[in-house]
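# Fold and contact review
Given next are the chains, with one letter for each unit.
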Amino acid sequence: MINLKDYICALCGTLGGFIASVFGGWTNGIITLLMFMCIDYISGIMVAGVFKNSKKTETGALESRTGWKGLCRKGMSLVIVLVAYRLDVHIGTNYIRDAVIIAFCVNEAISIIENAGLMGIPLPDVLTKAIDILSKKKK
């Protein structure tokens, strides 16, 4: 008789393998993007929940709707990575997905640095100016 633990492990492994293959494999780029997304989300929760200094809510405090929107945006970013990978497969290239991953990693890194600033961590002027320039170009 199959053990429930073995069944759950097999199911998770199968699902994880399927998801990794859909995204073009479990590469360092995907790992980095997922890590940056998690760090950004957690640091955003800390800014709002602990420091009450979020720019995304009126009060600066933690708000479930804003958190949900953030998760939806991150999910959509992953969908765009998936689309980029499928474009790579379709046209026989291998750089579109990587370019998209790099762009999203840079965006997440900027957000992490902004969250650190909102927590009161002193940031070098060069970094602050670079973020301002990138934010203005983004708009």
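The coordinates are above.
The sections below set out a description of the structure shown in this document. Numbering of residues begins from 1 in every chain and follows the order in which that chain's sequence is written. For a predicted model such as this one, the threshold for reporting local features is a pLDDT of at least 70, and the threshold for listing and counting side-chain atom pairs is 80 or more; totals across whole chains, interfaces and linings nevertheless cover every residue. No hydrogens and no water enter the side-chain calculation; it runs on all heavy atoms of the structure.

Attention shifts here to the side chain of Asp88. Elements are defined by DSSP. Helices are runs of H or I of four residues or more, strands are runs of E of two residues or more, and each kind is numbered from the N terminus. Along the chain, the position of Asp88 falls in helix H3 (residues 64–91). Exposure is judged per residue with a 1.4 Å probe applied to protein chains only, and the accessible area is read against the type maximum: over 50% gives exposed, under 20% gives buried, and values in between give partly exposed. Here the positive residues are Lys and Arg and the negative ones are Asp and Glu; neither His nor the chain ends is included. A pair is scored as a salt bridge if a Lys or Arg side-chain nitrogen falls within 4 Å of a carboxyl oxygen belonging to Asp or Glu. Buried within the structure, Asp88 lacks any salt-bridge partner; its nearest side chain of opposite charge belongs to Arg97, at an N-O separation of 5.4 Å. A polar side-chain atom of Asp88 sits 3.5 Å from the main-chain amide nitrogen of Tyr95. Other than its neighbours up to four places away in sequence, Asp88 contacts Thr93, Asn94, Tyr95, Ile96 and Arg97. Whenever two N or O atoms come within 3.5 Å, that pair is a polar contact, provided that in protein one can donate a hydrogen and the other can accept it, and provided that, for residues adjacent in sequence, both atoms are side-chain atoms. Contacts are residue-level and defined by heavy atoms, with any inter-residue pair within 4.5 Å sufficient.

Once that is clear, we can look at the state of the cysteines. Whenever a pair of cysteine sulfur atoms sits within 2.5 Å, that pair is classed as a disulfide. Counting across every chain of the model gives 0 disulfides. Cys12 takes part in no disulfide bond, and the closest cysteine sulfur, belonging to Cys9, lies 6.7 Å away. Unpaired in terms of disulfides, Cys105 finds its nearest cysteine sulfur in Cys38, a separation of 12 Å.

Turning to unusual backbone geometry, a few remarks are in order. Here the phi dihedral of Lys52 falls at roughly 50°; this positive angle occurs in a residue that is not glycine. Here Lys52 lies in the loop between helix H2 (28–49) and H3. For Lys52, a relative accessible area of 49% corresponds to the partly exposed category.

As a further point, take the pattern of salt bridges. Applying the stated criterion across every chain yields a total of 3 salt bridges. Residue Asp40 is joined to Lys74 by a salt bridge in which the shortest nitrogen-to-oxygen separation is 2.7 Å. Pair noted here: Asp40 is in helix H2 and Lys74 is in helix H3, with a separation of 34 residues, a long-range link. When its relative accessible area of 13% is taken as the criterion, Lys74 is described as buried. Linking Lys74 and Glu108 is a salt bridge whose minimum nitrogen-to-oxygen distance equals 2.9 Å. Of this pair, Lys74 sits in helix H3 while Glu108 sits in helix H4 (residues 96–118), placing them 34 residues apart in sequence.

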